[in-house]
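Below are the chains, spelled out letter by letter.
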Amino acid sequence: MPSEENAAGARVTLHVVSSLDGFIARKDNSVSWLDGNGRVYKAGVSISAEEIAAFVKGIDCYVLGSRTYEHAMKLGWPYGDTPAMVVTGRKLPPARKSVEFYSGDLKTLLHEKLVPRYRNIWLVGGAMLCQRFLELGLVDEISLTIAPVLLSDGLRLFGGSLAEKRWDLKNVVAYKNGFVELSYAASEREPATD
Ligand SMILES: NC(=O)c1ccc[n+]([C@@H]2O[C@H](COP(=O)([O-])OP(=O)(O)OC[C@H]3O[C@@H](n4cnc5c(N)ncnc54)[C@H](OP(=O)(O)O)[C@@H]3O)[C@@H](O)[C@H]2O)c1
């Protein structure tokens, strides 16, 4: 069931890449673990640059926390000219035309700024912002890609004290590089009580 805020038909998809042990970033922020280990999983699929481009074209807006934004700016902005909303309490210098900054209540952000303008909204990190969105029940779908690596340490994706909630598995895709993408939709089922 879409969350109340998204009744207009918009949906929020939380998308992150996690290690096998649940980390989304190394402590030093280095990203080589996202490159894969060169092994090929023969039964996996591969997608072409054209397919990726067509998929990304369907995304109307990205939402990200300021730390993810700063890291993305350092690495090379991966979101092209698609509108991006950066959540921050600070006054950050505007760096790109497509980037807007927001400070304040996240329900208001979704309800008043995003849903009237966008349908396919992608929340792309980091851990802090994703946890806030989940706590507030603002996420409709989770797209979790598992990388074939144990990091042992770093930033936990679900490190906060989130309430129990069920999610329905919608799709699984295993890629040739050993990464596995799991797609879930928020379930109407209540958490188990026993
Ligand atoms: N593996 C992946 O898929 C993936 C994806 C994204 C990010 N990452 C990694 O995750 C790390 C960043 O994650 P993070 O958890 O440290 O930070 P984050 O969620 O990217 O950003 C946290 C910041 O967002 C702002 N913020 C969050 N909630 C807010 C609210 N309710 N109201 C106002 N501002 C709010 C605050 O900004 P101010 O401090 O500016 O006020 C806060 O410090 C980076 O290392 C990045 O590379 C990994």
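Just above sits the structure.
Residues numbered from 1 in each chain as written. Predicted model: local features only at pLDDT ≥ 70, side-chain atom pairs only at ≥ 80, totals over all residues. Heavy atoms only, no water.

Caption draft 1: Looking closely at the site of the ligand. Residues in close proximity to the ligand total 23 residues, the closest being Asn29, Thr68, His71, Thr88 and Arg90. Contact between the ligand and Ile24: a nitrogen atom at 2.9 Å from a main-chain N or O atom of the residue. Between the ligand and Val87, the relevant distance is 3.4 Å, taken from an oxygen atom to a main-chain nitrogen or oxygen of the residue. Protein chains shield 82% of the accessible area of the ligand, which is 920 Å² for the free molecule. Contributions of two or more residues to the shell around the ligand are made by strand S1 (11-18), strand S2 (23-25), helix H2 (66-75) and helix H4 (127-135). The element contributing the most residues to the shell around the ligand is H2, with four residues. (Near = heavy atom within 4 Å. Polar contact = N/O pair within 3.5 Å; in protein donor to acceptor, adjacent residues only side chain to side chain. Areas by Shrake-Rupley, 256 points an atom, 1.4 Å probe, with all protein chains shown as cover. Helix = DSSP H or I, 4+ residues; strand = E, 2+ residues; numbered from the N terminus.)

Caption draft 2: Representation of the side chain of Ser187. Mapped onto the secondary structure, Ser187 falls in the segment after strand S10 (180-186). Under the relative-accessibility criterion, Ser187 is labelled buried at 8%. Excluding anything up to four places from it in sequence, Ser187 contacts Lys165, Arg166, Trp167 and Asp168. (Buried < 20%, exposed > 50% of the residue type's maximum accessible area, 1.4 Å probe, protein only. Contact = heavy atoms within 4.5 Å.)

Caption draft 3: Main features of the sheet that holds S1. With respect to topology, eight strands assemble into an open sheet ordered S5-S4-S3-S6-S1-S7-S10-S9, the strand pairing being mixed. Of all strands in the sheet, those bounded by a partner on one side alone are strand S5 (99-102) and strand S9 (167-174). In this sheet, neighbouring strand axes are inclined to one another by 20° on average, regardless of whether the strands run parallel or antiparallel. Packing of H2 onto the sheet brings it into contact with strand S3 (61-65), strand S4 (84-87) and S5, and relative to S3 it is tilted by some 105°. (Pairing = 2+ DSSP bridges. Axes fitted to C-alpha atoms, helices over the stretch in contact; angles between N-to-C directions.)

Caption draft 4: Focus on the packing of aromatic side chains. Taken as a whole and assessed by the stated rule, the structure comprises five aromatic pairs. With a centroid separation of 5.6 Å and 80° between ring planes, the pair formed by Phe55 and Trp122 is classed as edge-to-face. One end of the pair, Phe55, is in helix H1 (residues 49-57); the other, Trp122, is in strand S6 (residues 120-123), with 67 residues separating them in the sequence. A ring pair is formed by Tyr62 and Tyr79, whose centres lie 4.5 Å apart and whose planes are at 40°; its orientation type is tilted. One end of the pair, Tyr62, is in strand S3; the other, Tyr79, is in the loop between H2 and S4, and 17 residues separate them in sequence. The ring of Trp167 carries Lys165 above its face, with NZ or CZ at 5.3 Å from the centroid. (Phe/Tyr/Trp six-rings, centres within 6.5 Å; stacked < 30°, edge-to-face > 60°. Lys NZ or Arg CZ within 6 Å of the ring centre and 35° of its normal.)

Caption draft 5: Structural detail: the pairing of S4. Alternating residues of S4 divide into Ala84 and Val86 and Met85 and Val87, and every residue in both groups is buried. Regarding topology, H2 serves as the crossover connection from S3 to the parallel S4, and that connection is right-handed. Relative to S5, S4 runs parallel, the two being bridged by four bridges. Looking at S5, one finds that Val86 is bridged to Phe101. (Right-handed = clockwise from strand over helix to strand, strands pointing away.)

Caption draft 6: Here's a closer look at the pattern of salt bridges. With the rule as written, the count across this model stands at six salt bridges. Between Glu141 and Arg11 there is a salt bridge, with its nearest N and O atoms 3.4 Å apart. Placement of the pair is Glu141 in strand S7 (residues 141-146) and Arg11 in strand S1, with a sequence separation of 130 residues. Assessed through its relative accessible area of 35%, Arg11 is described here as partly exposed. The shortest N-O distance in the salt bridge between Asp153 and Lys27 comes to 3.2 Å. Here Asp153, found in the loop between S7 and strand S8 (155-156), pairs with Lys27, found in the loop between S2 and H1; they are 126 residues apart in sequence, far enough to count as distant. For Asp153, a relative accessible area of 37% gives the class partly exposed. (Salt bridge = Lys/Arg side-chain N within 4 Å of Asp/Glu carboxyl O.)

By themselves, these are just geometric observations and shouldn't be taken as functional.
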